[in-house]
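The residues making up each chain are set out below.
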Amino acid sequence: MSDDLRTLIVDALVEVAPEIDPADVRDDEPVQEQFDLDSMDFLAFLEGVAARTGVEIPERAYRDVETIAGCVTYVAAARSA
Amino acid sequence: MGEFLMPTLGADMTEGKIVTWLVAPGDEVHHGDIVATVDTSKAEIDVEIFEDGVVEELLVGVGEKVPVGTPLARIAAVGAEPAVVVEAAPPAPVTVPETPAAAPPAPPARPAPPPPPTDGHRPRISPLARRVAADLGVDPEEIAGTGPHGSVVRADVERAAGTTPAPAPKPAPSPPAEPDRATAMRDAIGALMSRSKREIPHYHLALDIDLHLTQRWVTRRNEDLPLPQRLTPAGVLLAATARAAAHHSDMNGHHVDGAFHPADGVHLGVAISLRAGGLLTPAIKDADSLSVDELMERLRDVVHRARTGGLRASELAAPTLTVTDLGDRGVDLVHGVIYPPQVALVGFGAVRSRPWADGDALAVRPVVTATLAADHRVSDGHRGALFLREIDRLVQTPEEL
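Rules behind the numbers
- Residues numbered from 1 in each chain as written.
- Chains lettered and ligands numbered in written order.
- Predicted model: local features only at pLDDT ≥ 70, side-chain atom pairs only at ≥ 80, totals over all residues.
- Heavy atoms only, no water.
- Pairing = 2+ DSSP bridges.
- Helix = DSSP H or I, 4+ residues; strand = E, 2+ residues; numbered from the N terminus.
- Expected span 1.5 Å × (residues − 1).
- Buried < 20%, exposed > 50% of the residue type's maximum accessible area, 1.4 Å probe, protein only.
- Contact = heavy atoms within 4.5 Å.
- Polar contact = N/O pair within 3.5 Å; in protein donor to acceptor, adjacent residues only side chain to side chain.
- Buried area = accessible area lost by both parts, 1.4 Å probe.
- Salt bridge = Lys/Arg side-chain N within 4 Å of Asp/Glu carboxyl O.
- Nonpolar A, V, L, I, M, F, W, Y, C, P; charged D, E, K, R; others polar.
- Phe/Tyr/Trp six-rings, centres within 6.5 Å; stacked < 30°, edge-to-face > 60°.

*Asks:* I would appreciate a short explanation of the sheet that holds strand S6 (residues 53-58) of chain B in the present structure.
*Replies:* By definition, the strands of a sheet pair up through backbone hydrogen bonds, in either a parallel or an antiparallel sense. Residue and element names in this part refer to chain B. On the basis of which strands lie adjacent, the open sheet formed by four strands has the order S1-S8-S6-S3 and antiparallel pairing. Single-partner strands in this sheet number two, and they are strand S1 (2-5) and strand S3 (28-29). Across four bridges, the pairing between S1 and strand S8 (residues 71-76) is antiparallel. Of the residues in S8, the one forming a bridge with Leu5 is Pro71.

If you want it as structure tokens, here you go:
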């Protein structure tokens, strides 16, 4: 897993929910449940991811990016495609 | 002599503390300007002025807590014109009975605080810095700010704390002067909801709504749209509720002083939970006249500001009907409690795949349970049922919303 990419994605998460301590983020647990984010926060998170990585995640891929690990994998794949 | 009054800050907020004055005597103000920030039990709120004029005198200093309706400043008309009466907010239909807002015995005008030392604007301070200042016993007014526009940031506070001899050391177990925000918010919500349960004869209805047409439409639209323009089914439900409310005046308005006053527009209150606990219900004004896209944009904006600051007093005073959507939390059904003096509350649960009878065949459809809590002093179950059925009818043709 790309550590740089993970850092960017966690940054996007912390921007939406500033109370999150990046050290507490568990990569394999859906972020919405882990941090009590609603669908509006999740959209804002994906916007942050797009701004930082240049990868826009389509709605049909929401399932694939519900965890940090899934998000890193998806963005890495989209970039190398 | 115009007076700028502490505006109504929402039904459960009866007083406010001036946190920052953004204007000083001599400043010209214009309709819509934010002139002060006010702290209530629930949030820091931007307070706008709704007239043009010149600030003559500030009557309430930073840090003072006063009831809704108290004169905060004297405003004169621009130039040599005679002073005008200035309202703190557009004629808000919401009045809070517990508050002596109707005729507050004007407190003796206090001397205005000395003019700020800078360019006529008090230095701003970030909420974090203010908390740190309180914890460290530092007076934020005496700190030189290095943040944007000279605002005081945390580092300034810590620097000041390090170089300033601490004031009288606080005895460790001293009780806090005021309850913390979470406690105060709980108290405020509790008081309003108790009043609702005490005064409002609620009735409750529920209707399962098939959302497959809505969901198909939303999915198809979102395919082509960049993230910031994507819709959620919740946006469609809000839009449908607003449209339906425009045709059901007995669901949209306020019950005040023993009588129901239907509202002119639909100002849809949206219950927004705060992650630290508690909730705010700012209004999306004239929601019935907005397209789904516009409504969605306003929703995102207001959710963002509810959580990060910057809600305006006029938004909190305005709701004529509130919607609570707990779908994200995975529950099926909301038994709503009405926000007085409103007379109805619409609740949505989770959109879930459920077995659904389609004619004489069984299908699996995305279904949401819509609920209505409404006030028997104003309407009956029959009227409430028509209202819910209209919401159902409208979401079946989302492209027309």
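*Asks:* Honestly, helix H3 (residues 39-53) of chain A in this entry has me stumped. Any pointers?
*Replies:* Note that an α-helix has 3.6 residues per turn; residues three or four places apart therefore point the same way. Between its terminal C-alpha atoms H3 of chain A stretches 21 Å, which fits the 21 Å expected from 15 residues at 1.5 Å a residue. For H3 of chain A, every residue scored as buried is listed here: Met40, Asp41, Phe42, Leu43, Phe45, Leu46, Gly48, Val49, Ala50 and Thr53 of chain A. For H3 of chain A, the elements touching its buried residues are helix H1 (3-16), helix H2 (31-35) and helix H4 (68-80) of chain A together with helix H6 (292-308) of chain B. N-cap assignment for H3 of chain A: the residue whose side-chain oxygen lies 3.1 Å from the backbone N of Met40 of chain A is Asp38 of chain A. Gly54 of chain A, located one to two residues past H3 of chain A, shows a positive phi value of around 80°.

*Asks:* Even after reading the chapter, I still don't get the interface of chain B and chain A, so can you show me in this structure?
*Replies:* On the chain A side, the residues contacting the 18 residues of chain B number 20 residues. Of the roughly 1,600 Å² buried at the junction of chain B and chain A (both faces included), carbon and sulfur atoms supply 44%. Counting the surface chain B buries against chain A, the share from its top three residues, Leu227, Arg230 and Arg275 of chain B, is 42%. Taken together, chain B and chain A are joined by five salt bridges. Arg230 of chain B is the salt-bridge partner of Glu56 of chain A, the closest N and O atoms lying 3.6 Å from each other. Counting only elements with at least two residues in the side of chain B that touches chain A, the list comes to helix H4 (212-223) and H6 of chain B. The dominant element in the side of chain B that touches chain A, judged by the number of residues it contributes, is H6 of chain B, at five residues. Residues of the side of chain B that touches chain A, tallied by class, amount to eight nonpolar, three polar and seven charged.

*Asks:* Any chance you could explain the packing of aromatic side chains here in plain terms?
*Replies:* Two numbers describe a pair of aromatic rings. These are the distance of the centres and the angle of the planes. Residue and element names in this part refer to chain A. Scanning the model with the defined rule gives two aromatic pairs over all chains in all. An angle of 45° between the planes, with centres 5.9 Å apart, marks the rings of Phe42 and Phe45 as tilted. Of this pair, Phe42 and Phe45 both sit in helix H3, three residues apart, roughly one helical turn. For the ring pair Phe42 and Tyr62, a centre distance of 6.0 Å and an interplane angle of 85° mean the geometry is edge-to-face. Within this pair, whereas Phe42 is found in helix H3, its partner Tyr62 is found in the loop between H3 and H4, the two being separated by 20 residues in sequence. Using a relative accessible area of 6% as the deciding quantity, one classes Phe42 as buried. Every member of this aromatic cluster is reached through a ring pair, and the members are Phe42, Phe45 and Tyr62.

*Asks:* Would you mind showing me how to read unusual backbone geometry here?
*Replies:* A negative phi angle characterises most non-glycine residues, just as the trans form characterises most peptide bonds. Residues and elements named next belong to chain B. Here the residue pair Pro340 and Pro341 is connected by a cis peptide bond, since its omega of 0° sits within 30 degrees of zero. Mapping Pro341 onto the fold places it in the loop between strand S17 (321-325) and strand S18 (344-348). The backbone of Asp257 shows a phi angle near 50°, a positive value even though the residue is not glycine. Within the secondary structure, Asp257 sits in the loop between strand S10 (253-256) and strand S11 (259-262). The phi torsion at Asp286 lies on the positive side, around 50°, for a residue other than glycine. Along the chain, Asp286 falls in the loop between strand S15 (283-284) and H6. Given the relative accessible area of 37%, Asp286 is considered partly exposed.

*Asks:* What is the right way to read the sheet that holds strand S4 (residues 34-39) of chain B from this model?
*Replies:* Pairing in this open sheet of five strands is mixed, and the strands run S7-S2-S4-S5-S16 (chain B) from one edge to the other. A single partner strand is all that each edge strand has here, and the edge strands are strand S7 (65-67) and strand S16 (311-312) of chain B.

*Asks:* What should I look at first to understand the pattern of salt bridges in this one?
*Replies:* Once their charged atoms are close, side chains differing in charge can pair, the charge on each being opposite to the other. Under the definition given, this model contains 23 salt bridges over all chains. A salt bridge links Glu15 of chain A to Arg52 of chain A, with the nearest nitrogen and oxygen atoms 3.6 Å apart. With Glu15 of chain A in helix H1 and Arg52 of chain A in helix H3, the pair connects residues that are 37 residues apart, well separated along the chain. Judged by its relative accessible area of 29%, Arg52 of chain A is partly exposed. Of the charged contacts in the structure, one is a salt bridge between Arg377 of chain B and Asp375 of chain B, with a shortest N-O distance of 2.7 Å. Owing to a relative accessible area of 37%, Arg377 of chain B belongs among the partly exposed residues under this scheme.

Interpretation in functional terms is not warranted from these geometric data alone.
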